[in-house]
Structure formats: structure tokens, C-alpha cells
Amino acid sequence: MFNLFKKIKQTDPIVYLLTAFLLIWSVINIYSASYHEYSTLYIKQIVFVSIAFFIITFLPFLIEYRKFGYISFYLYLVSVILLILVKFFGVSILGAKRWINLGFFQLQPSEVAKFSMIIFSAYFISNTKLPLSLKDFLKIMGLSAIPFMLIYSQPDLGSAILVVLPVLVIVFLAKFNIKYIIGFVLAGIILSPFIWTHLKDYQKNRIIAFLNPESDPKGTAYHIIQSKIAIGSGMLTGKGYLQGSQSKYYFLPEQHTDFIYATIGEEWGFVVSFLILTVYYILSLRIFYIGIKTNELFGKFLCYGIASIIGFQAFINIAMNVGMAPVVGVPLPFLSYGGTALIMFSLMMMMVLNIEYINKKEGFRFHSQDALNY
Amino acid sequence: MIKFNRLTFLIFVLTVFYFALVGRLFYLQVIRGEHYREISDRNYIKIFYSNPPRGKIYDRNGVLLAYDVPTYSLIAFPYIVKKNYSMQELKENLKNYLNIELDEKTLNIIEKNSYPSVVIKKDLTQKDIENFYNYNHLFHGFYLEVVPKRVYTEEANYLAHIIGYVGYPSEKELKENPNLSPNILVGKAGVEKIYDSLLRGESGQKAVLVDAFGRQKKVLWEKDPRKGNDIYLTIDIRIQKIAFEAFSSSKHPSGAVVLVDPNTYEILASLSYPTYNLQKFYEGFSQEEWKELTENKYKPLMNKVFLGKYPPGSIYKPLVSIAALEEGAITPETRIGSGSEFRIGKWVYRNWNKRGCGFINVSEALETSCDTFFYQVGLKLGVENIVKYSKLFGLGEILNPDLEVKVATIPSKEWKKKVLKQNWFHGDTVNLSIGQGYVTITPFDATKIVVPIANGGYVLKPHILKAYFDNKSQRLVHTNPEVIRKINIKKWNLDAVRYGMYLVVYGPSGTAKALKTAPVLNAGKTGTAQVYSYDTRKKRHHAWDFRDHAWFIDYAPYNRPQIAGVVFIEHGESGGKVAAPLMAYILKRIFKEKIIETE
């Protein structure tokens, strides 16, 4: 008999339970967000959530995270190939080519790229001489520029940023020389006007709309205002499940993806929106903590990358929902509708659980003196 | 003890971010919550639809068959209605001022707020609209929507099965097509369904900010409606009407007529008889009328042209003749002694005419429809070749998936093994060569036999859409004839068959002398297809549904065919005596009324 409770205790119960909590919430909220659209999205979500539960419950005991390291370069290659394929065979939704239709399922290669980029950079950096040299830094940045450009041209600025964000975090934590970092940041600031001229019009509009929402209440700023009204009108305890008038009456066109948090805020109020926000925060901290405990470099950097993507992606999305960040199209981990993202995030959680499982099983593992310093 | 290193710096950043978001949430939901709640209570966005007229349907000469008229529906927005009235109040107001009795289902939708909008009453009368206008202050959250209603003209009734009908989209259709609005008309059957994407157009949508009383405050975004395209059918309604009158004056209760242009395979008339009143069908029959229609043994609701499958009988013989001539089983000059019966072992196959036919060639065999001639030819030819030519002619094949639903069953050795789990016998080939046994075709399939004979071997794609007027480009877009394949038939072979079909009408022993009176030279073939054996028929006192089917295929004029077609009379007993006179009537009127002019 598979004793679930006992098994969970062998991994990390906090990570497992917080993930399970988010998975269950996703079904509840997708149902609400698609309630008025004669939609059956929630049924698909139930299927994906079931797969996700399978992944985080059984796979941590079956697949060792290090195996992902050995195949990380191939994962990287596969995601680049998928990103090129989407250019040719992609399905266009709302003007962006982001999906490959597999018949039963629409695959979103940018999510696969996000996942494999974390593994690949963690593996790459853990196998170089540390602290990270400029040469290796340029190598890994060059390699991550390929998926970045491919996703950016879809166009999907949000996902493009999120593909490189964990790489930057790992680079930073690999003690890459601080002088270089400052240098690159300064160069970025100097180059930003040049980048601005290369942004797509709708991206510029979104940034302008974010800086001054009242400038264009019908267009791009519309989402921000309506999302703020939705969240604010939830007040302390919300309007009640399925009773959100903002989200139910066409205020939020992307209410089951990028603006799912607004639906939660409206229907459940401050109590639950605060709770969810906190869940992401604790989950991210906990994974950082597991990383600190891990004495093997690859596992360590993997945890740092995963912790940063969970924390920052969730916070950017929520910031977008509450009007503190421009609308860049970043979904909320686990809660936004999207099968590929859900599976990829579950695989990340599976690896974290497996790292902790091995930590507990093997006790202190001495791999290198280096591992103690990072 | 916390060491300050890069990791703690990163976690610090995350924490600052976290507290900033908590603060923001607290500000929006707790401090300013009241303010935002007010905004959300005061303002709603409602989607108003404007339904454009559906495209008109015309016949090939521009005779109007179907068009739209506007009607008004009373629509309610549950969310606003609920905020303004108790369910009791709502029921009373509707009853007292608008004389509307609200049913449980609608009431439930309003109470549970389970749909963004709900239809309260359709097809409002002038009086209803006046009342709503006068008592508007009592109906916050209600509004009138223009809903198109389809009107079918008197002429369209002759074409009921082809035109089909329209209705509102089902929930499934709404789900599958985001461009549909709940009150747009979509095609549910017939041409209305086949060409729905041309006819339908697109609803306009307007997102309007409304206040708590449902008053429109501001238009947020708008999508203009797009009118549907008008379409022109290949049907000539005059010919369709003649076909109908041929039936209605003949007292035959059930059958079908299809007439096509053999040069283009445009369908000029397609009648399934009896027919029904299209307008009434669309608006809804009473229970008795409906019962009568569905229980009528002549099946008025079924489009027999495409859905009825019957044994073809002797109209299959021209096809068998071409197969035999082309495959070298016979030549046009080959003469075969054809008596009154043909034996295989102990089995006896009789000729329909007890006198026998004598020593005849293929043209003469077609003239008298000599069964014993075709028994022998069929056996020599073999079942494989009959099947091969049936397939070449397009029998058992869907030539136009828009139109055809069922296809002919052409039995072969493999077919019999698979379906009936039996071996093929010579007797089966004998039966097949006169269009009896397992072979069944639709009346439309019968035109597939006659069209290539009339046009010299071209298998074309049949079509019913002559053209449509594209609103975008403001141009008429025509459907061009499309050749699917050409059957290579040697001229002398084709001529022999054509001549045989000519003799059917004009020969001394022809089986369809009725056609002689037609104003143009024509050629045809009769078919009397046995449904039950003679003994069974006799036992049942020749009851209607035990009688033979009557067929007649024809093309005219003989030298340069401009029209080809089939008359099928269900249980009509005799192709020559029953079906042929109907075709004669139709051809006479078509050419006398100069609907088709001979050069």
C-alpha cells in the first residue's frame, strides 16, 4: 500500500502541500472564470491537474533530478526546435503564434523553454569553474539569447523575460564578478532608448498605459483599471463564489489566464488574495531554503532557479493585476489556465521534492568544497 | 544569525516585493474597497447584439425564395433585473403591464444570474412594443432586440427539402463558434445549412457601459454587423414547379424528380414528393399537423432525392451496356438470341415479356429492355466489370459532399462476403445486370447514369449553387463546372447506347412511347424495379407498398442535350406506363413554355 502521508514526509511536506493547495484552487477558479462563456475549460483543467498530482506525488521517488542534468543540453535543443517549429506550424490566437496544435492538446513551447533553460543553466554553471568567469557568463548568456529572441518575436515579451530571469538569478548567485554586473546594468540603461524604438507598438502602449492609466481608458489601460476595480470591489471577504460581476461581465477578456488573480480578488476578497500571495512567497522561500541545504551544486542551482521563477513570476503577475506593473502577459503559476505551464511547473516541483528526498535519504553529502560556499 | 550575502540580498528583494503587494492589496481591497465596490455596482458592461439580415436565396433567374423580416424580442439582463426587483415584483409587472407569464426556467435564470442575458418573449406584437415603451420605467434591465425572422415565399414551397430551414444556434453551436450570437439565425438543414457561412453574415456587438438601471452610459467598443451574402441557386423554379405539378396532377402519392443540365451538372429541379409547407415548418406545426407529417407513410419530411435508396431496375441497363461494349464482351453489331427465359442449372431467369426478344443487338435490347439479353451479356462481362463501370460513373461515390448523404450500394464479391457473409453466385451477376438484387441507388444517383451518356463521358461535380453576391468585393462569384474525370467511351459504343435509348422512345417496340409527344427529340430508359416477388405481391392484393418502383431517365434534345433527369415514382408499378408519361409532361411544358430554348 502506498502510504501517501508517510511518503510526503520523506520529501518536503511544505512544498508538496502548498503546491497541492494551488492545484486545487486552480480548478475552483477556472470554473468560475469561464462560468459565463458556456465553457468547459474547467474539465480540461481537471485533467491537467490530475496529471500534475500524479507528477508531484509519484515521480519524486522514481526519477532522480540529476538525470535531468545529463540530458539538459538535449532539453535545451528540443525547446529551441519547438520554438522554431511554432514559427511555421503555430496556431495564432489573438495575433500571437504561441501554440503548436497536437490535436488533443495545444503545446506552448515557450513554457517548455522556460523549464529547460533553468535545468540547462543550472547544469552548465554547476559544471564550470566557480566563481563564474566572464567567458562562461558570455557562453550561457549567448545560449539563452536564442530562446529569448525566438519567444520575443512571437511576440511574447513576458515569457521571453521569464526565460532569462532564472538564468540571471543563477549567474548572480554563482558569484559572477560584481563589477561586470554593474557594467552590464549601466550598459542596459544607456541602451534602453534604443530598445524602446524596437518595441512593438502594443508593447509601448502597454507601458505608457501603465505609467498613466487614465490616458486611454478604452484601450490597453482598460485591463488595468477593470482589474483594479475587480480586485478592489472584492473588499475584505469578496462577493462570493461565482458572483463576481466584474469578471463575469466581460470586463476582463483574459480572465482565465493573465487576470485569474482579479477573479479571485473579486470573489474571495482580501482574505484569500492575501493567502494566495503568501503561499507563493512561502513556497519560493522554502525552495531557496532547500537549495541552501543541498550540498550538491547542480541541485542547489536548480532550487535557486525554480524558487526565483515561482516567486518572481507570481509577483509580476499579481503586480500586473493590481496595477503595479505593465501588462506583459505573464500567467500566474499553477492558477492560470494553460496545460503546458501547469505540467512544466509540476515537473519543477517534482525535482525540488526529489532533491529534498535525496537530501533526507543520503544525509550530508559532500560533493565539493565549493558547494558549501554557494 | 544571517550572513549578508548574495542569496540573502535576493531573498530581501523578494520580501520587499511581497510586502509591497500585500500593502497594495490592503489598500485596494480594504482601504479603498468601498469605493471600488461602488464603481462595480454602478457600472456594468453589457454586450448588445445587432443581428444583420441573412442573405436572400434566389433561384437561377433571380426569383426570390427566402428573405428576412425584422421582429422584436424582449431581452433581460438578469444581474440588473435582480438588483432592481424582487422575483415577485418582476412576475407581477410582466403580467400586469406586458401580459407576459414568466416560466419557471427563465425565472430561475434571472434568480441565479446564470446567463449574461435571457430572452423573455419573442416576436413581440405592436401592442407589446407600445406597452413596453409606455411602462419603460418599470423595466430596468430590459431592452428590445431586433431579431430577424426568415420568410419563405410561396415558390419556395416547391423546393422545401432543398431549402431546408433555419433556427437559433444551439448551446453546442454557440460554444463551438464564438462569432455566433444567441439571436442570429443559423441554417439547420438543406441549402440554408450547406451555405450557412455565406448566408449568415456576422452579428454586430456593442459593449456598453450601463448603470444600475440598465441605462446606456457609454459605448466602450463596437463591432459592426456584417450582412449575409445573397445566393443564387441553380434551380429554375419554373421547372421545379412543373415537376411538382406533374406529380400533383398525376395522383401518384410519392416519388422524386431530378433534372440537371448535363453539360454543367447544375441541378435545375430537385423534387421530393409529397412536400410540405416551408413557412409553417419553420414557424412550428401544431401537434396534429406534426403527427400527420411524421406518421404519413409517404414520408413528406424525407428528401427522397438524396436519402431514399431503391433498386434501379432497368435504368441500370445503359450503364451495363457501356461496360459490355467497352470491355469487348459485345460490339454494337453483336446479336444474341434472347428468349423468354434463361437458365443456370436448375435456376430459371425470366424475361419481363413472355414472348422473348429474338436475335437482337444491344440497341434493340435497350429498346425492348430485354432481360434475357442482359443476363447473358452480364455473365460474359462479369461482376467485376459492372462494378468497375458503376464506380467510373460515380455510383457509390460522393461527388459533392455538400449535397449527397447516402450513396448507392453496388454489390461486389467482396461486398457480399463482408456484409452478407456469403459467396457470390452467377445468379447474383444475372440479377445485377438488370439492376436487381442487392443494388440500390438514390434518385439522384440515377442522374449519374444519364449525365455522362448525354455529355459524352464527363463525370462532373453536381452543384446547386449558381453564384453568390459577395458583399465584400461587391461582385457576383460564380460556381464553375468542375470535371471530376472523363470516362473513355468510344464514339461508336456510346452511339449504340444512345441509339438504344432513342429507340426506347421512338422505336416500334419502345417501352416509353409516351415521350414521342415531347416537342424535342429525346432519348430515355424505363425501369420497373421489383421490390417483392410476384407471388408476394399477389398475396398482399397488390397493396401500395408491395408494388414495383417506376423509373424513367431521359435526356433532351437527343443531338445536343440540354437537360437530363430522372422521374422516380415509389411503388408506381411501371416505368413505361407511369414514370415516362410524367417525364413527357415535364419535357413538353419545359420546351413549350420556352424555359429551355432549342437552337
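Residues numbered from 1 in each chain as written. Chains lettered and ligands numbered in written order. Predicted model: local features only at pLDDT ≥ 70, side-chain atom pairs only at ≥ 80, totals over all residues. Heavy atoms only, no water.

Glancing now at the overall build of chain A. A tally of regular secondary structure across chain A gives 16 helices and 3 strands. Partitioning the contacts of chain A with sequence separation of at least 6, the portion at a separation of at least 24 is 74%. Only carbon and sulfur atoms are counted for the fraction: they give 71% of the accessible area of chain A, which is about 15,000 Å². (Helix = DSSP H or I, 4+ residues; strand = E, 2+ residues; numbered from the N terminus. Contact = heavy atoms within 4.5 Å. Areas by Shrake-Rupley, 256 points an atom, 1.4 Å probe, with all protein chains shown as cover.)

Bringing the pattern of salt bridges into the picture now. Under the definition given, this model contains 32 salt bridges over all chains. Between E64 of chain A and R66 of chain A there is a salt bridge, with its nearest N and O atoms 2.6 Å apart. The class for R66 of chain A is buried, based on a relative accessible area of 17%. The shortest N-O distance in the salt bridge between R589 of chain B and E245 of chain B comes to 2.6 Å. In this pair, R589 of chain B sits in helix 24 (residues 575-592) while E245 of chain B sits in helix 11 (residues 237-248), placing the two residues 344 residues apart along the sequence. (Salt bridge = Lys/Arg side-chain N within 4 Å of Asp/Glu carboxyl O. Buried < 20%, exposed > 50% of the residue type's maximum accessible area, 1.4 Å probe, protein only.)

This next bit is on the state of the cysteines. All names here are of chain B. Counted by the stated rule, this structure contains 1 disulfide over all chains. Two residues, C357 and C370, share a disulfide whose sulfurs are 2.1 Å apart. The chirality of the disulfide connecting C357 with C370 is right-handed, given an S-S dihedral of about 90 degrees. Separated by 13 residues along the polypeptide, C357 in the loop between strand 15 (347-350) and strand 16 (358-360) and C370 in the loop between helix 16 (362-368) and helix 17 (371-381) bring together distant segments of the chain. (Disulfide = S-S within 2.5 Å.)

Residue and element names in this part refer to chain B. Strand direction decides the pairing type here: strand 2 (residues 57-58) and strand 10 (residues 230-233), joined by 2 bridges, are parallel. Pairing of I57 across the sheet is with I231, part of strand 10. Across 4 bridges, strand 10 lies against strand 18 (residues 465-470) in antiparallel orientation. For Y232, the partnering residue across the bridge sits in strand 18 and is A467. (Pairing = 2+ DSSP bridges.)

Residues and elements named next belong to chain B. Of the pockets and cavities examined, the second largest pocket occupies roughly 1,200 Å³. The wall of the second largest pocket is formed by 32 residues, among which N351, W352, D371, Q530 and R537 lie closest to the centre. For the lining of the second largest pocket, the elements supplying multiple residues, two or more each, are strand 15, helix 17, strand 21 (523-529), helix 23 (534-539) and helix 24. Here the lining of the second largest pocket is composed, by residue class, of 10 nonpolar, 16 polar and 6 charged. (1 Å grid on protein atoms, 1.4 Å probe; cavity = no way out; pocket = protein on both sides within 12 Å on 5 of 7 lines; lining within 4 Å. Points joined across faces, edges and corners; volume = space filled by probe spheres on them. Nonpolar A, V, L, I, M, F, W, Y, C, P; charged D, E, K, R; others polar.)

This paragraph deals with the packing of helix 6 (residues 109-126) of chain A against helix 14 (residues 297-321) of chain A. Residues and elements named next belong to chain A. Here helix 6 crosses helix 14 at 145 degrees, and the two axes come no closer than 8 Å. The way helix 6 lies across helix 14 gives a crossing that is right-handed. Residues K114, I118, I119, A122, Y123, I125 and S126 of helix 6 pack against L297, F298, F301, L302, G305, I306, I309 and Q313 of helix 14. Here the contact of helix 6 with helix 14 is composed, by residue class, of 11 nonpolar, 3 polar and 1 charged. (Axes fitted to C-alpha atoms, helices over the stretch in contact; angles between N-to-C directions. Left-handed = near helix turned anticlockwise from the far one by under 90°.)

Across the contact, 52 residues belong to chain A and 40 residues belong to chain B. Buried area between chain A and chain B, summed over both chains or domains, comes out near 4,500 Å², and the portion from carbon and sulfur atoms is 72%. Linking chain A with chain B are 0 salt bridges. For the pair chain A and chain B, the number of links is 10 residue pairs in polar contact (both at pLDDT 80 or more). Mapped onto the side of chain A that touches chain B, the elements with two or more residues apiece are helix 8 (157-173), helix 9 (178-198), helix 11 (221-233), helix 12 (245-248), helix 13 (260-293) and helix 14 of chain A. Top contributing element to the side of chain A that touches chain B by residue count: helix 13 of chain A, with 13 residues. (Buried area = accessible area lost by both parts, 1.4 Å probe. Polar contact = N/O pair within 3.5 Å; in protein donor to acceptor, adjacent residues only side chain to side chain.)

It is worth spelling out unusual backbone geometry at this point. Here the bond from L130 of chain A into P131 of chain A is cis, since omega is -5 degrees, no more than 30 degrees from zero. Along the chain, P131 of chain A turns up in the loop between helix 6 and helix 7 (134-152). The phi dihedral of D123 of chain B is positive, around 55 degrees, even though this residue is not glycine. As for its placement among the helices and strands, D123 of chain B is situated in the loop between strand 4 (118-121) and helix 6 (126-134). With a relative accessible area of 42%, D123 of chain B lands in the partly exposed category.

Within this structure, the stated rule accounts for 56 aromatic pairs over all chains. Each ring, one from F270 of chain A and one from F26 of chain B, has its centre 5.5 Å from the other, and the planes form 75 degrees; the classification is edge-to-face. In this pair, F270 of chain A is assigned in helix 13 and F26 of chain B in helix 1 (residues 6-31), connecting two distinct chains. Here a set of aromatic residues connected by ring pairs shows up, and it is made of Y281, F312 and F315 of chain A together with F17, Y18 and F19 of chain B. Of note, K7 of chain A hangs over the ring of F61 of chain A, and the distance from its end group to the ring centre comes to 4.6 Å. (Phe/Tyr/Trp six-rings, centres within 6.5 Å; stacked < 30°, edge-to-face > 60°. Lys NZ or Arg CZ within 6 Å of the ring centre and 35° of its normal.)

A separate point is the sheet that holds strand 11 (residues 255-261) of chain B. All names here are of chain B. Pairing in this open sheet of 5 strands is antiparallel, and the strands run 12-11-23-22-21 from one edge to the other. Strand pairing shows two members of the sheet lacking a second neighbour, strand 12 (266-273) and strand 21, which therefore form its edges. Within the sheet, the average angular offset between the axes of one strand and its neighbour, ignoring direction, is 5 degrees. Direction of pairing for strand 11 relative to strand 23 (residues 563-569): antiparallel, over a ladder of 6 bridges. The residue of strand 23 that forms the bridge with G255 is I569. Across the sheet, helix 21 (residues 443-455) lies against strand 11, strand 12, strand 22 (549-556) and strand 23, angled at about 30 degrees from strand 22, the strand it touches most.

Time to look at helix 7 of chain A. Residue and element names in this part refer to chain A. Taking 1.5 Å per residue as the helical rise, helix 7 with its 19 residues ought to reach 27 Å, and the 25 Å between its terminal C-alpha atoms agrees with that figure. The sharpest bend along helix 7 reaches about 25 degrees and sits at A145, with the proline P147 one to four residues further on. Every buried residue of helix 7 is listed here: D136, F137, I140, M141, S144, P147, L150, I151 and Y152. (Expected span 1.5 Å × (residues − 1). Bend = angle between axes of the 7 residues up to and from the residue.)

Let us look at the side chain of T19 of chain A. All names here are of chain A. Its location among the elements puts T19 in helix 2 (residues 13-33). Take T19: its relative accessible area is 1%, and that puts it in the buried class. At 2.6 Å, the side chain of T19 and the backbone oxygen of V15 are in polar contact. Not counting the four nearest positions on each side in its chain, T19 is found in contact with I56, L283, F334 and M349.

For the rest of this paragraph, the subject is the confidence of the model for chain B. Per-residue pLDDT for chain B averages 87, and the proportion of residues at 70 or more is 97%. For this predicted complex, the interface confidence reaches an ipTM of 0.91, while the overall pTM sits at 0.63. (pLDDT = per-residue confidence, 0-100.)

Residues and elements named next belong to chain A. Together, Y70, I71, F73, Y74, L77, I81, I84, L85, F88 and F89 give the surface a local cluster of nonpolar side chains, amounting to about 1,100 Å² of exposed area. If you trace the backbone, I84 turns up in helix 5 (residues 72-89). The partly exposed category is assigned to I84, whose relative accessible area is 38%. (Patch = residues over 30% accessible without salt bridge, like charges linked within 9 Å, V, L, I, M, F, W, Y side chains within 5 Å.)

This next bit is on the side chain of T264 of chain B. Residues and elements named next belong to chain B. Topologically, T264 is positioned in the loop between strand 11 and strand 12. With a relative accessible area of 15%, T264 lands in the buried category. In contact with T264, not counting residues within four places along its chain, are L460, K461, H463 and P481.

Residues and elements named next belong to chain B. Examined bridge by bridge, strand 2 and strand 3 (residues 64-76) share 2 bridges and lie antiparallel to one another. Across the sheet, I57 pairs through a bridge with A66, a residue of strand 3. Counting the residues that bridge the hairpin from strand 2 to strand 3 gives 5 residues, and of these G62 lies at a positive phi of roughly 85 degrees. The pairing of strand 3 with strand 5 (residues 142-152) spans 11 bridges and is antiparallel. Across the sheet, residue Y72 finds its bridge partner in strand 5, namely V146. Pairing between strand 3 and strand 4: 3 bridges, direction antiparallel. Bridge assignment links L74 to a residue of strand 4, and that residue is K121.

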